[in-house]
Amino acid sequence: MATKRTLAEVPGTTDRRIDALLTLLAENATIVVSGAKIAKEIGVTRQQVWRWIEKLRALGVRVKGHAHTGYHIERVPDILAPQLLSHRLYGTPFARRIYHFFKIDSTNTVAMHLGEAGAPHGTVVLAEEQTAGRGRAGRSWTSEKSAGIYCSVLLRPAIPPARAPVLTLVAGLAARDAAAEDMDALPDIRWPNDLLAGGKKFGGILTEMHAEPDRVHYAVIGMGINVNQPRMPEALASIGTSLRIETGKSHSRLELLIRLLRQFDRYYNQFLAEGAAPILRRFAQVSSYFKGKRVRITTAAESFTGTTAGLDSSGVLRVVRDDGRDTELVLSGDVAEAL
Ligand code: BTN
């Protein structure tokens, strides 16, 4: 008889016991823990502990020692381990179900499948590396191993799809506020949700959903942030950047992700309780693109220049066109600064 695959058994997810091993080592960072004790606590053999330690070393986790003397970690590893995260996300819907992959095609693709399979609101999908990361407008998202944050959250908001663009703004604001704490100069948001530092992009958001005309079944908000890339690939160097390039130092992806998901929870609850108004007000405060920005808009149908004139109540961008035609309501498309 075929066994029924449960939601918890998504192929390729990181073994819960590796997660437990990482958490144990991280929580005892300064002490030497014997291989036997680790094996007992996580319920595997000492040989298995040794094999996993080797795997973690290959991923750059600096573990000292060996099976006889015991192990200890030299520095808390910057791996987005679900156990570590869920303790720190306690009280938010993101603490309960976190799927982690060392390597996956796209966290958004996994999260959309989980949405279809009935996974609950707040499910989080994380990857250390994406082999087919997806960006807006069919572009790809370069997702170098353990350098960035590649995170998708599954939401089940009781709203019609017409209100969903505000969810994208919620994510953009959360990512912007979380990143701002690691930066010397405040980041900007290019509508709807490109995160910019010094005019270059270091983060983006891809929202996908499954909906009927009057009801969103589920939405997946995929967030990509360039954190510790020492340099950008040549093809992206003139338009892309990372927090490390901007600040000259490395940042904890774990801490950044915790801040991001906590801020997300705060803005999301505000949106549900008070509607779009406070979200739009916050966007107006932190985005230079909100009003009075000279822009070039490129949609599937045309390309034109104009000046931004705020957002409407559903988060759509208003642009006063240079050619004198009616003010445009931009639902989607590329926005670039026009000089
Ligand atoms: C953009 O084009 O600006 C959106 C980029 C979104 C990238 C993130 S990384 C995590 C999630 N998984 C994906 O495949 N894409 C999003």
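Throughout this description, residue numbers start from 1 for each chain and increase along the sequence as written. Local features in this predicted model are restricted to residues of pLDDT 70 or higher, and side-chain atom pairs are both shown and tallied only at a pLDDT of 80 or more, whereas totals for entire chains, interfaces and linings draw on every residue. No hydrogens and no water enter the side-chain calculation; it runs on all heavy atoms of the structure.

### Considerations on the sheet that holds strand β13 (residues 328–330)
The cut-off we apply is this: Any two strands are treated as partners once DSSP identifies two or more bridges connecting them. The way it works is that DSSP assigns letters per residue, a run of H or I at least four long becomes a helix, a run of E at least two long becomes a strand, and they are numbered from the N terminus. Here an axis means a line fitted to C-alpha atoms, over the contact stretch when the element is a helix, while the angle between two N-to-C directions is reported on a 0 to 180 degree scale.
With antiparallel pairing, the five strands of this open sheet are ordered in space as β13-β12-β11-β10-β14. Across the chains shown, the open sheet's two edge strands, defined by having one partner strand only, are β13 and β14 (334–337). This sheet shows a mean twist of 45° between the axes of neighbouring strands, independent of strand direction. The pairing of strand β10 (residues 291–298) with β14 spans four bridges and is antiparallel.

### As for the sheet that holds strand β5 (residues 148–155)
Keep this limit in mind: Should any heavy atoms of two residues lie within 4.5 Å, those residues are counted as being in contact.
The strand order β3-β4-β5-β9-β8-β7-β6 describes an open sheet built from seven strands, whose pairing is mixed. Among the strands making up the open sheet, the edge pair consists of β3 (98–101) and β6 (188–190). For this sheet, the mean angle separating the axes of adjacent strands, direction not counted, is 20°. Strand direction decides the pairing type here: strand β4 (residues 124–127) and β5, joined by four bridges, are antiparallel. Counterpart to Val-125 in the pairing with β5 is Ser-152. Each of β4, β5 and β9 (215–226) touches helix α8 (residues 253–274); the most contacted strand, β5, lies at about 30° to it.

### Side note on the nonpolar core
When a protein is soluble and globular, its nonpolar side chains tend to lie buried together. What counts, and what does not: Side-chain atoms within 4.5 Å link the members of a nonpolar core, which is a set of buried Ala, Val, Leu, Ile, Met, Phe, Trp, Tyr and Cys residues. Only protein chains enter the accessibility calculation, which uses a 1.4 Å probe. A residue is then buried if its area is under 20% of the maximum for its type, exposed if over 50%, and partly exposed in between.
In terms of nonpolar packing, the biggest core is built from 89 residues, with Val-153, Met-223 and Phe-264 touching the most fellow members. Leave out the neighbours within four places in its chain, and Met-223 touches Ile-149, Tyr-150, Cys-151, Val-153, Ala-171, Gly-204, Ile-205, Leu-260, Leu-261 and Phe-264. Grouped together as the second largest cluster of nonpolar side chains are 14 residues, Met-112, Ala-119, Ala-127 and Leu-154 included.

### Focus on the packing of aromatic side chains
Counted only if it meets this: Paired rings are identified among Phe, Tyr and Trp, the last through its six-membered ring, by centres lying within 6.5 Å, and are further divided according to the angle between planes into stacked (under 30 degrees), edge-to-face (over 60) and tilted (the rest). Criterion for a charge above a ring: Arg CZ or Lys NZ at most 6 Å from the ring centre, at most 35 degrees from the ring normal.
Tallied over the full model, the rule gives two aromatic pairs. Between Phe-94 and Phe-264 the ring centres are 5.7 Å apart and the planes differ by 85°, which places this aromatic pair in the edge-to-face class. With Phe-94 in the loop between α4 (82–88) and β3 and Phe-264 in helix α8, the pair connects residues that are 170 residues apart, well separated along the chain. For the pair Phe-264 and Tyr-268, a centre-to-centre distance of 6.5 Å together with 40° between the ring planes defines the contact as tilted. With Phe-264 and Tyr-268 both in helix α8 and four residues apart, this pair spans about one turn of that helix. Each member of the pair Phe-264 and Tyr-268 is classed as buried. For Lys-293, the ring lying beneath its charged end belongs to Tyr-289, and the centroid distance is 4.7 Å. In this structure, Arg-321 packs its charged tip against the face of Phe-304, placed 4.1 Å from the ring centre.

### With respect to the confidence of the model for the chain
The test is simple: Per-residue confidence from the prediction method is given by pLDDT, with values spanning 0 to 100.
Looking at the chain, the pLDDT average stands at 92 and 97% of residues meet or exceed 70. Predicted confidence for residues 1–5 stays below pLDDT 50, and this span has two contacts to residues more than four positions away or in other chains.

### What about helix α5 (residues 107–116)?
Because each turn of an α-helix spans 3.6 residues, side chains separated by three or four positions end up pointing in the same direction. Threshold: The definition of a polar contact used here is a pair of N or O atoms within 3.5 Å, where within protein one atom must be able to donate a hydrogen and the other to accept one, and adjacent residues in sequence count solely through side-chain atom pairs.
Burial within α5 is extensive, with seven of its ten residues counted as buried. Here the buried face of α5 lies against β3, β4, β5, β8 (200–212) and β9. The N-cap residue of α5 is Ser-106: its side-chain oxygen and the backbone nitrogen of Asn-108 are 3.2 Å apart. Backbone geometry just after α5 places Gly-118 at a positive phi near 95°.

### Regarding the side chain of Thr-308
Residue placement: Thr-308 occurs in strand β11 (residues 303–311). Classification of Thr-308 by relative accessible area gives buried; the value is 3%. In this structure the side chain of Thr-308 is engaged in a polar contact, spanning 3.5 Å, whose partner is the backbone nitrogen of Lys-291. When residues no more than four places from it in sequence are discounted, the contact partners of Thr-308 are Tyr-289, Phe-290, Lys-291, Gly-292, Lys-293, Val-295, Leu-317, Arg-318 and Val-319.

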